[in-house]
Amino acid sequence: MMDGPVHLEVQGVVKTFGSTRALDDVSLQVRAGSIHALVGENGAGKSTLGKIVAGVFHPDHGSLVLRGIPISFSSPREALDHGIAHVAQELALVPQLTAAQNVFLGAEPRRVGFIRRGHLRARFDDLAADAGFEIPADAPVGTLTIGRQQQVEILRALARDAQLIVFDEPTASLSAAEVHRFHGVVRKLAASGRSVILVSHFLGEILELSDTVTILRDGRVVRTASAADETEASLISGMLGRTLSRTFPSKAPPAADASAALVVRDLTAPGVRGVSLTVREGEIVGLAGLIGAGRSELAMAIFGAVPGSAARLTLGEEQLGGSPGASIRAGVAFIPESRKDEGLFLGRPVRENVSLANLSSLTRLGFVRRGAETRRVADALRGVSGTTALEAPAVSLSGGNQQKLLFARAVLGSPSLLIADEPTRGVDIGAKREIYEHLVALAASGVGVLLISSEIEELLGLAHRVLVIRAGAVVAELEGDAMTEEAVLNAAFGADPVAG
């Protein structure tokens, strides 16, 4: 696809935010009917470039040429009018509206000024079926999982019949089966003559799906090449300017006489059915399963964020349950699935975000001891993050550094147990490796770790044991040589391991 007709040309684009130059003289061509991937670390400029193409941002210098005609967009709506849609990394949905209403928002089928609700639902059902997504049309989007919400975003782009679609991390929250279906959707789009710009941190996905790859580093184009001529190692080298091992850090097994950090017996909660598990001190236990299987629900119930009942729920010798505050005081740290919605106050300073869960140890007579807070936050950040700008708003950091703030918060609390729900979601390969090292180091210090991840490779590389959850219940426990991708998938899907 390197020599087909040009659908979109980016010519010498420059974009700055304050003193930061996000894009520096970027030029590339997107061929019609091709899948063109953008790769790079967080902060490399790939999402900024996608937003310029989609009219979210306007370049400071440079231009866009669409099918040979120079264009300039003042808004995403104007870009959409020219056949360009954007599926953003941060979801832009109306939680109170249904999935069908979100998909056709602003483009509802009408008669005499009134929305034809039956026709709207029928169009939604046809669109979802064609894409291979199973989403209830009448479900409020706010009740759907992040993975399902991402699918609604994809359907909204397809509903506009866009000829060029920018996908920014579209599979970050999808299960293996959903990723497979999404890949099929993208291939069908390209086969129909549409063009796709794909931003993804999953290098295997890039190599499998794309025709062309542009590597960005520090806002500049490193190179554009055929995906067939690239490997994961060459992409990483281009992204980082150095080689980086894709292997996981070595993990020491927990001590033979290690005590149980967490004991759960017959825990029942919304989406959780009679789950029992144990995490020992110094052990990483992985939770695998499809989206909606109950992994996050289990984590929230253990942390006390949702009501639940259990025959036994203890951290060491202390009874857990009741509330997140009680769990934090008992020694539980929690990294939620969505740093944006559940983890960080993005408009508040780094200092406040890191100290937030441990203010009780930093206050005197109801007032925060600023000096003590600053020292302890700086110490926590020193071990896990490259940022030292304590007063900078969290929103100014890259996704990887935002995620590290959550690790700094956990470290500051000196926990006995860390529950980490998708801790590497939406971060680049360099930040991923650092997060892996933080998890292994915490376990080596004696902390019990309960790790949730949709990446099976990640679970197998980090965990000492893997529990597979299906329909709210633990259906398999794997360790040693039994921990294989095939075994995890068979248990997650309820497949016969003999029949495959």
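Let me sum up the structure you'll find in this document. (Residues numbered from 1 in each chain as written. Predicted model: local features only at pLDDT ≥ 70, side-chain atom pairs only at ≥ 80, totals over all residues. Heavy atoms only, no water.)

## With respect to the sheet that holds strand E24 (residues 473-479)
Item 1. Across the sheet, which stays open at both edges, the 6 strands sit in the order E18-E21-E22-E15-E23-E24 with mixed pairing between neighbours. Only two strands of the sheet have a single partner each, and these edge strands are strand E18 (332-335) and E24. Between one strand and the next, the sheet's axes are offset by a mean angle of 20 degrees, whatever the strand orientation.
Item 2. Summarising the sheet, E18 and strand E21 (residues 417-421) pair through 4 bridges and their orientation is parallel. Residue pairing in the sheet places Phe 334 in a bridge with Ile 419 of E21.
Item 3. Along the sheet face, helix H14 (residues 399-412) touches E18 and E21 and points at about 175 degrees away from the line of E18. (Pairing = 2+ DSSP bridges. Helix = DSSP H or I, 4+ residues; strand = E, 2+ residues; numbered from the N terminus. Axes fitted to C-alpha atoms, helices over the stretch in contact; angles between N-to-C directions. Contact = heavy atoms within 4.5 Å.)

## Structural notes on unusual backbone geometry
Item 1. Despite not being glycine, Glu 169 has its phi angle at roughly 55 degrees, a positive value.
Item 2. With relative accessibility at 3%, the residue Glu 169 sits in the buried group. (Buried < 20%, exposed > 50% of the residue type's maximum accessible area, 1.4 Å probe, protein only.)

## Re the side chain of Glu 205
Item 1. Mapped onto the elements of the fold, Glu 205 is located in helix H7 (residues 203-209).
Item 2. Buried charged residue Glu 205 carries no salt bridge. Nearest counter-charge: Arg 187, at 8.9 Å.
Item 3. With sequence-adjacent residues up to four places away left out, Glu 205 is seen in contact with Thr 171, Val 179, His 183, Ser 200 and Ser 210. (Lys, Arg positive; Asp, Glu negative; His and termini not counted. Salt bridge = Lys/Arg side-chain N within 4 Å of Asp/Glu carboxyl O.)

## With respect to the pattern of salt bridges
Item 1. Evaluated as defined, the whole model comprises 22 salt bridges.
Item 2. Its salt-bridge partner being Arg 295, residue Glu 422 comes within 3.8 Å of it at the nearest N-O pair. Of this pair, Glu 422 sits in the loop between E21 and helix H15 (429-444) while Arg 295 sits in helix H9 (residues 295-303), and the two are 127 residues apart along the sequence.
Item 3. Since its relative accessible area comes to 5%, Arg 295 is described here as buried.
Item 4. Between Arg 370 and Glu 373 there is a salt bridge, and its shortest N-O distance comes to 3.4 Å. Of the two residues, Arg 370 and Glu 373 both sit in helix H13 (residues 370-384), 3 residues apart, roughly one turn of that helix.
Item 5. The exposure class assigned to Glu 373 is buried, which follows from its relative accessible area of 3%.
Item 6. A cluster of three or more residues bridged by salt bridges with shared partners is formed by Arg 348, Arg 351, Glu 352, Arg 370, Glu 373 and Glu 391.

## Here we look at helix H8 (residues 232-240)
Item 1. Every buried residue of H8 is accounted for by Leu 235, Ile 236, Gly 238, Met 239 and Leu 240.
Item 2. Buried residues belonging to H8 abut strand E3 (35-39), H7, strand E11 (212-217), strand E12 (220-226) and H15.
Item 3. Gly 241 occupies a position one or two residues after H8 and carries a positive phi of about 75 degrees.

## A short note on the packing of H14 against H15
Item 1. Put simply, H14 and H15 touch, their axes get as near as 10 Å, and they point 10 degrees apart. With respect to their mutual orientation, H14 and H15 come out roughly parallel. Residues Gly 400, Gln 403, Lys 404, Phe 407 and Val 411 of H14 pack against Ala 431, Glu 434, Ile 435, His 438, Leu 439 and Leu 442 of H15.
Item 2. The class makeup of the residues in the contact of H14 with H15 is 6 nonpolar, 3 polar and 2 charged. (Parallel < 35°, antiparallel > 145°, perpendicular 65-115°, else oblique. Nonpolar A, V, L, I, M, F, W, Y, C, P; charged D, E, K, R; others polar.)

## Focus on the side chain of Gln 402
Item 1. As for its position among the elements, Gln 402 is in helix H14.
Item 2. Judged by relative accessible area, Gln 402 falls into the buried class, the value being 8%.
Item 3. In this structure Gln 402 touches Arg 339, Leu 344, Leu 346, Ala 394, Val 395 and Leu 397, once residues within four positions along its chain are discounted.

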